[in-house]
Amino acid sequence: MKYIKLFFLLFALTLFFSCTEQNMQNSSDPLPSWNEGKTKQSIIDFVNEVKDPNSPGFVEPKNRIATFDNDGTLWSEQPFYFQLAFALERVKAMAPDHPEWKNTQPFKDVLENNPKGVMESGMRGLMEIVAATHAGMTTDQFEKYVITWIDTAKHPIKHLLYTDMVFQPMLELLAYLRTNEFRTFIVSGGGIEFMRPWAEGVYGIPPEQVVGSSIETKFEMVDGKPVLIRLPKINFIDDKEGKPVGINSHIGKKPIFAFGNSDGDRQMLEWTQSNTGKTFKGLVHHTDAEREWAYGPDSKIGTFSNSLMEEANSNDWTVVDMKNDWKVIYPEK
């Protein structure tokens, strides 16, 4: 009986320490929603190298700049850019005061419920819609309108709040980088003043670290108070070749880490690659039709062309296979 008790005691202790070790391993995992494999390991290896002062790839914290596209990289973007859903509501509401829109693209496609035509107008078409529908108000008024919409609007297919459609693995990546003294920036083709009101609460990225497309504004005194009035004119499009320009003007340093998901992010990754020293370039490839969407070269939204894949392969960029690399897509509620 004595030996039987001793056996069970040793068994219990072995089980306890085994579970404890497993829990410690799980708690020390900086990217728990990423499956183990080459993709996850490449991120961890990069961070370990640039933060190690004894490594030849060491980078001073002040130069640890990480840039992320938003649409399709940090949250979903199908069947259309989420900001477009925001803008389309305004087009239809304002249409009675703009009879010319019935014959003017891309507004004509919006009023005729032709989403395919709207998509084909690209980022410039989106910005024309945004410029026209969100002008004539102050920046403070626009911010309140954005906050009201983002807190209540739901995706037409998933029936989730748009901010519930952020990618859990990317939230973990943002936090992991900041823990290791990176500054994280959004560099998106979306509107800068559309993203700034909610980016910090959702991504932990403050307004001053958001780079995006913009319309022109002007300073005025209204009722004795200074305001900025939004004008119906595009100021800057932060997409494709515009992304390095936006990075230079807003950040003033080249990133050492950049993540995108489409042809619109190619130049940002090339700009990052041109930095001296160790760099990381990543692309999210949407391959999961069951949990999210699967799309690539034929999609008008988030086009991931064959030439982009070829460039990624030839330059050793890291391509995230969403279906195989991510345990979960959206945060669990």
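Residues numbered from 1 in each chain as written. Predicted model: local features only at pLDDT ≥ 70, side-chain atom pairs only at ≥ 80, totals over all residues. Heavy atoms only, no water.

Caption draft 1: Inspection of the nonpolar core at higher detail. In terms of nonpolar packing, the biggest core is built from 72 residues, with Phe68, Met170, Leu173, Tyr203 and Phe257 touching the most fellow members. Broken down by element, the residue count for this core peaks at seven residues, all from helix H3 (residues 82–94). Apart from the residues lying within four places of it in its own chain, the contact partners of Tyr203 are Asn70, Leu74, Trp75, Val166, Leu171, Leu174, Arg178, Ile186 and Trp198. Val187, Val211, Ala312 and Trp317 belong to the second-largest nonpolar core, a separate cluster that totals 15 residues. (Core = buried A, V, L, I, M, F, W, Y, C linked by side-chain atoms within 4.5 Å. Buried < 20%, exposed > 50% of the residue type's maximum accessible area, 1.4 Å probe, protein only. Helix = DSSP H or I, 4+ residues; strand = E, 2+ residues; numbered from the N terminus. Contact = heavy atoms within 4.5 Å.)

Caption draft 2: A look at the pattern of salt bridges. The tally for this structure, following the rule as stated, stands at 12 salt bridges. Close ionic contact of Lys243 with Asp69 constitutes a salt bridge, the shortest N to O distance being 3.0 Å. Of the two residues, Lys243 is situated in helix H10 (residues 242–250) and Asp69 in the loop between strand S1 (65–68) and H3; the sequence distance between them amounts to 174 residues. Judged on exposure class, the residue Lys243 and its partner Asp69 are both buried. The shortest N-O distance in the salt bridge between Glu112 and Lys108 comes to 2.9 Å. By relative accessible area, which is 46% here, Glu112 ends up partly exposed. Looking at Lys108, the relative accessible area reads 25%, which means it is partly exposed. The structure contains a network of salt bridges with shared partners spanning Asp29, Glu36 and Lys40. (Salt bridge = Lys/Arg side-chain N within 4 Å of Asp/Glu carboxyl O.)

Caption draft 3: Molecular detail of the side chain of Ser305. Within the secondary structure layout, Ser305 lies in the loop between strand S6 (280–285) and helix H12 (306–314). Look at Ser305 and you get buried, because its relative accessible area is 11%. Only 3.0 Å separates the side chain of Ser305 from the side chain of Asp263, close enough to count as a polar contact. Looking at Ser305, its side chain comes within polar contact range of the main-chain nitrogen of Leu308, at 3.1 Å. Once residues within four sequence positions are removed from consideration, Ser305 is found in contact with Asp263, Arg266 and Pro297. (Polar contact = N/O pair within 3.5 Å; in protein donor to acceptor, adjacent residues only side chain to side chain.)

Caption draft 4: View of the packing of helix H7 (residues 139–152) against helix H9 (residues 192–203). Two numbers describe how H7 lies on H9: the axes approach to 9 Å, and their chain directions differ by 60°. Of the two possible hands of crossing, H7 and H9 adopt the one that is right-handed. Contacts between H7 and H9 involve Thr139, Phe142, Glu143, Val146, Ile147, Trp149 and Ile150 from the former and Glu193, Phe194, Pro197 and Trp198 from the latter. Its residues assigned to classes, the contact of H7 with H9 shows eight nonpolar, one polar and two charged. (Axes fitted to C-alpha atoms, helices over the stretch in contact; angles between N-to-C directions. Left-handed = near helix turned anticlockwise from the far one by under 90°. Nonpolar A, V, L, I, M, F, W, Y, C, P; charged D, E, K, R; others polar.)

Caption draft 5: Geometry of the sheet that holds strand S2 (residues 183–191). Spatial ordering of the open sheet is given by S4-S3-S2-S1-S5-S6-S7, a layout of seven strands whose pairing is mixed. Each end of this open sheet is capped by a strand with a single partner; those strands are strand S4 (225–236) and strand S7 (318–321). Neighbour to neighbour, the strand axes of the sheet diverge by 30° on average, direction disregarded. (Pairing = 2+ DSSP bridges.)

Caption draft 6: Region of the structure containing the packing of aromatic side chains. By the definition in use, this model includes 23 aromatic pairs. With 5.0 Å between their ring centres and 15° between their planes, Trp149 and Tyr162 make a pair best called stacked. With a gap of 13 residues between them, Trp149 in helix H7 and Tyr162 in the loop between H7 and helix H8 (168–179) connect regions that are remote in the sequence. Residue Trp149 shares its accessibility class with Tyr162, and that shared class is buried. Geometrically, the ring pair formed by Phe257 and Phe259 is tilted, given 6.0 Å between the ring centres and 40° between the ring planes. Accessibility expressed as a relative area gives 0% for Phe257, which makes it buried. Accessibility expressed as a relative area gives 0% for Phe259, which makes it buried. Through a chain of ring-to-ring contacts, three or more aromatic side chains come together here, namely Trp75, Phe82, Phe86, Phe142, Tyr145, Trp149, Tyr162, Phe194, Trp198 and Tyr203. Arg90 extends its terminal NZ or CZ atom over the ring of Tyr145, reaching a point 5.3 Å from the ring centre. (Phe/Tyr/Trp six-rings, centres within 6.5 Å; stacked < 30°, edge-to-face > 60°. Lys NZ or Arg CZ within 6 Å of the ring centre and 35° of its normal.)

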